[in-house]
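Examination of the molecular architecture
Here is what each chain is made of, one letter per residue.
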Amino acid sequence: MTDIDWDELRAVATEAMHRAYAPYSRFKVGAAALVSDGRIVQGCNVENASYGVTLCAECGLVSDLAMSGGGQLVAFVCVNGKGETIMPCGRCRQLLYEFAIPGMLLETVSGIRTIDEVLPDAFGPRDLEEAAR
Ligand code: THU
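Residues numbered from 1 in each chain as written. Predicted model: local features only at pLDDT ≥ 70, side-chain atom pairs only at ≥ 80, totals over all residues. Heavy atoms only, no water.

If you tally the helices and strands in the protein chain, you get 5 helices and 6 strands. Secondary structure elements of the protein chain, listed N to C terminal, follow the sequence α-β-β-α-β-β-α-β-β-α-α. Scaling as 2.2 N^0.38, a compact globule of 133 residues should have a C-alpha radius of gyration of about 14 Å, and the protein chain matches this with 14 Å. Dimensions of the protein chain, computed from the C-alpha atoms along their principal axes, are close to 45 × 35 × 30 Å. Counting across all 133 residues of the protein chain, residues that qualify as buried make up 41%. (Helix = DSSP H or I, 4+ residues; strand = E, 2+ residues; numbered from the N terminus. Rg over C-alpha atoms; globule rule 2.2 N^0.38 Å. Buried < 20%, exposed > 50% of the residue type's maximum accessible area, 1.4 Å probe, protein only.)

What follows is the structure, given as C-alpha cells:
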C-alpha cells in the first residue's frame, strides 16, 4: 500500500496528543496508525507520579488496536505537543514491531522509513517460534 494519507494520520495523532496526560514532563505525545483493514488507531501518553510507570502514546495505540479488533499496522506516525512528527522511542519501536506488517512505514524526522530501518534485526515472535522447534 503506497497511498498513505500522512496528513490524515498526523491529524489523528495530533487529536490524540490533545488528550495526553503529561503533567510531569509537559511533553505531550499523540500517535496514530493505519491498520490493514483500513481503520485508524490512536493513543496518547499517560504519565504517572511514579515516573517510570508512564505509558507512552504507543502503548495506548496498541491497546486501541487490540480493543478495536486487532490486525496489523501498515503506517504509523507520532507527534509532539506542536503536532510535529517525532521519533518513537526504542521501546515503542519494539511495541510496534509486534503488530507491524513486513515493511510497515513510519513518518519520521528523516522522512518515510520502514520498521526494519528504525529497528534493524528486530527480535520478534518468529525468534520464539524458532526456539520452540
Ligand atoms: N513518549 C511517548 O509517548 N512516546 C515516545 O515514543 C517518546 C516518549 C512520552 C513519554 C513521556 O510521557 C514523554 O514522552 C517524555 O518522555
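Before going further, it helps to spend a moment on the side chain of Arg 39. When you line up the elements, Arg 39 lands in the loop between strand E1 (30-35) and strand E2 (40-44). Separated by 2.8 Å, the side chains of Arg 39 and Asp 37 make a polar contact. At 3.1 Å, the side chain of Arg 39 forms a polar contact with the backbone oxygen of Leu 65. (Polar contact = N/O pair within 3.5 Å; in protein donor to acceptor, adjacent residues only side chain to side chain.)

It is worth spelling out the state of the cysteines at this point. Covalent bonding between the sulfur atoms of two cysteines defines a disulfide. Across all of its chains, the model carries 0 disulfides by this definition. Summary of cysteine pairing: Cys 56 is not part of a disulfide, and the nearest cysteine sulfur, belonging to Cys 92, is at 3.7 Å. Overall, Cys 56 belongs to the partly exposed group, its relative accessible area being 25%. Here Cys 92 is not cross-linked by a disulfide; its sulfur's nearest cysteine counterpart is in Cys 89, at 3.5 Å. (Disulfide = S-S within 2.5 Å.)

These figures come from the coordinates and say nothing about function on their own.
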